[in-house]
Amino acid sequence: GARLHVADLVHAVIDGPRRAALALLAAILAATLTATAAAHEVRPAYLALREVAPGEFAVLFKTPRLGDRALALQPTFGAETRALTPLVTRTPPGALVREWTLAAAGLRGSTVAIAGLETTMTDALVRIDFLDGTSFATRLTPGSPEATVPAEQGALEVVGAYTVLGFEHILS
């Protein structure tokens, strides 16, 4: 493949010790680029809230993990919240999954954010399902790590949000 082609070119142009030095430099550069690419996680985080009783939400927060390292992300809410159950953490391959139940009576009309997202190269998908059957879905980005949950969101707005997410996923 490409390696042989580059090696043949190097052999044709450079002799002896200079060739060895260039080969070492190329190996160091390749290792650096590989490590840099692995260090920048691009898989999205996922935050799902499902209202299980008025003002009480089952929360699932999934963040990408590479080896033992996970992105330092934390969901935050503009509404007053408190944990109703202890945090349960799982580590399936490639992810850190945290689940708990949250009291958040004033979630509609308030903000939801992912603290730490602005220092990453990843996005976060957010979905909130309310007891009345309405849903809120959005994509948070490093440049826009916060969104306001509408006081009310109709079915057309949900379809529009998912259509945009789908197109962005296909194009990325």
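In this text the structure is predicted, and so the values were computed from the model without any measurement.

**Student:** When you look at the overall build of the protein chain in this model, what are you seeing that I'm missing?
**Tutor:** Helices and strands together make up the secondary structure of the protein chain, namely three helices and 11 strands. Its helices and strands in sequence order give the protein chain the pattern α-α-β-β-β-β-β-β-β-β-β-β-β-α, from N to C terminus. Here the protein chain holds 172 residues, and 32% of them are scored as buried. Restricting the contact set of the protein chain to residue pairs at least 6 apart, pairs at least 24 apart contribute 58%. Total accessible area computed for the protein chain in this model is approximately 10,600 Å², and 64% of it derives from carbon and sulfur atoms.

**Student:** Would you explain the sheet that holds strand β4 (residues 74-77) in this entry?
**Tutor:** Whether parallel or antiparallel, the strands of a sheet pair through hydrogen bonds between backbone atoms. Sheet architecture is open: three strands sit in the order β4-β8-β11, paired in antiparallel fashion. In the strand order of this sheet, the two ends are held by β4 and β11 (146-148), each with one partner. On average, each strand axis in the sheet is tilted by 20 degrees relative to the strand beside it, whichever way the strands run. The pairing of β4 with strand β8 (residues 111-115) spans four bridges and is classified as antiparallel. Bridged to Q74 within β8 is A115.

**Student:** Would you take a moment to explain the pairing of strand β9 (residues 124-129) for this structure?
**Tutor:** Working note: regular strand, side chains alternate between the two faces of the sheet. Alternating residues of β9 divide into A124, V126 and I128, all buried, and L125, R127 and D129, none buried. Count of turn residues in the β9/strand β10 (residues 135-140) antiparallel hairpin: five residues, of which G133 carries a positive phi of about 95 degrees.

**Student:** It is not clear to me how the packing of aromatic side chains should be interpreted in this structure. Could you clarify?
**Tutor:** Aromatic ring pairs are reported here in terms of the distance separating the ring centres and the angle at which the planes meet. All told, the structure shown has one aromatic pair when counted by the stated rule. Directly above the ring of F130 sits R108, whose terminal nitrogen or CZ lies 3.7 Å from the centroid.

**Student:** For this particular structure, what's the right way to read the nonpolar core?
**Tutor:** Within soluble globular proteins, side chains that are nonpolar generally end up buried alongside one another. Formed by 24 residues in total, the largest nonpolar core has its most connected members in L47, L49, I114 and I128. Elements that contribute at least two residues to this core include exactly β1 (45-53), β2 (56-66), β7 (95-103), β8, β9 and β10.

**Student:** What exactly am I supposed to notice about the confidence of the model for the protein chain here?
**Tutor:** If pLDDT is low for a region, its predicted coordinates should not be looked at in detail. Residues with a pLDDT of 70 or more make up 65% of the protein chain, whose mean pLDDT is 79. Counting contacts from residues 1-7, a segment whose pLDDT is below 50, to residues more than four positions away or on other chains yields zero contacts. In the predicted structure, residues 27-40 sits below a pLDDT of 50 and forms two contacts with residues beyond four places in sequence or in another chain.

**Student:** Would you mind going over the environment of Y46 with me for this structure?
**Tutor:** Along the chain, Y46 falls in strand β1. Residue Y46 is classed as partly exposed on the basis of its relative accessible area of 32%. Not counting residues up to four positions away in its chain, the partners in contact with Y46 are L60, F61, K62, L125 and R127.

Criteria and thresholds
- Residues numbered from 1 in each chain as written.
- Predicted model: local features only at pLDDT ≥ 70, side-chain atom pairs only at ≥ 80, totals over all residues.
- Heavy atoms only, no water.
- Helix = DSSP H or I, 4+ residues; strand = E, 2+ residues; numbered from the N terminus.
- Buried < 20%, exposed > 50% of the residue type's maximum accessible area, 1.4 Å probe, protein only.
- Contact = heavy atoms within 4.5 Å.
- Areas by Shrake-Rupley, 256 points an atom, 1.4 Å probe, with all protein chains shown as cover.
- Pairing = 2+ DSSP bridges.
- Axes fitted to C-alpha atoms, helices over the stretch in contact; angles between N-to-C directions.
- Phe/Tyr/Trp six-rings, centres within 6.5 Å; stacked < 30°, edge-to-face > 60°.
- Lys NZ or Arg CZ within 6 Å of the ring centre and 35° of its normal.
- Core = buried A, V, L, I, M, F, W, Y, C linked by side-chain atoms within 4.5 Å.
- pLDDT = per-residue confidence, 0-100.

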